[in-house]
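Structural features, examined
Read off the chains here:
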Amino acid sequence: MIKIAPSMLSANFAILSEELKSIEAAGADLLHIDIMDGHFVPNLTFGAPIVKAIRPYTKLPFDVHLMVTNPGDYVEEFAKIGVEYFTFHQETVPHMHRLIQHIKQCGMKAGIALNPSTPVSLLEDVAADLDMILIMSVNPGFGGQSFIKNAIKKVKQAKILLEEVDNSTAVIEVDGGINDITCVPIKRAGATVLGYEKYARQWTSVLCLILGDPKDEAAEVN
């Protein structure tokens, strides 16, 4: 069953605790938290202190996506906070296997994110150890971008790769440009988590589709 992970970046930060309660009540499965450093991506968001501060206000698992040049420096700090998924970008790390093992040793689940131009094949030698493959369907660092259709092919490739290494527990998340149209082919391709920019009840139509609404079979990406 597909899970929904609303992005914290889309929340109203003036009433953040209320927003967290709202998405939890509306049926969210994870809270997607984008950490940007202003170097790997142009924008700057927030760091571990903010993530720690909101931890008491929701029971949702934290799905932390690090768009930073030095993700290894944050592993132990986020583990202490109680992060569920710690996902770093393949493009930032020369020793993926080492970092994956460190994440797991600290009690978190390890994920790797791939930019739109990064092939899934680069994960062949670590796929068996992963808990998540995050397919970027937009270029990282900015909200509101259009869905890149090549992500559908990459989801299919990621699914095949996980099957080949007998990894039946890892999830495939897609992040960027997800709406009530794009969610359909993403679901068909094999995605199991949708990182969604809209917040709270704004993703009701997406939930309807991924749970088997009859319109599912008719919807396509333009």
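Structure report, in brief. (Residues numbered from 1 in each chain as written. Predicted model: local features only at pLDDT ≥ 70, side-chain atom pairs only at ≥ 80, totals over all residues. Heavy atoms only, no water.)

Focus: helix H4 (residues 96–105)
Filter applied, for reference: Burial classification: accessible surface area is computed with a 1.4 Å probe over protein chains only, and a residue below 20% of its type maximum counts as buried, one above 50% as exposed, and the rest as partly exposed. Per the convention used, a helix needs a DSSP run of H or I reaching at least four residues, while a strand needs a run of E reaching at least two, with both numbered from the N terminus. Within this analysis, the arc is defined by the directions that extend from the helix axis to the C-beta atoms.
For H4, the full list of buried residues reads Met96, Leu99, Ile100 and Ile103. End-on, the buried residues of H4 take up no more than an arc of 105 degrees, which puts them together on one face. Facing away from the buried side of H4, by more than 90 degrees, are the exposed residues Arg98 and Gln105.

Brief notes about the nonpolar core
In plain terms, the rule: The definition of a nonpolar core used throughout is a set of buried Ala, Val, Leu, Ile, Met, Phe, Trp, Tyr and Cys residues joined through side-chain atoms within 4.5 Å. Two residues qualify as a contact provided that any one of their heavy atoms is within 4.5 Å of a heavy atom in the partner residue.
Within the largest apolar cluster, 60 residues are counted, with the highest numbers of intra-cluster contacts made by Ile33, Ile35, Phe78, Ile112, Leu123, Ile135 and Ile186. Of all the elements, helix H5 (residues 150–164) adds the most residues to this core, at six residues. Leave out the neighbours within four places in its chain, and Ile35 touches Thr45, Phe46, Val51, Val64, His65, Leu66, Met67, Val68 and Phe78. Ala5, Leu30, Leu134 and Met136 belong to the second-largest nonpolar core, a separate cluster that totals 10 residues.

Some thoughts on unusual backbone geometry
In the Ramachandran plot, Asp166 falls in the positive-phi region, its phi being about 60 degrees despite a non-glycine side chain. On the secondary structure map, Asp166 appears in the loop between H5 and strand S7 (171–175).

These results come straight from atomic positions and should not be treated as a statement about function.
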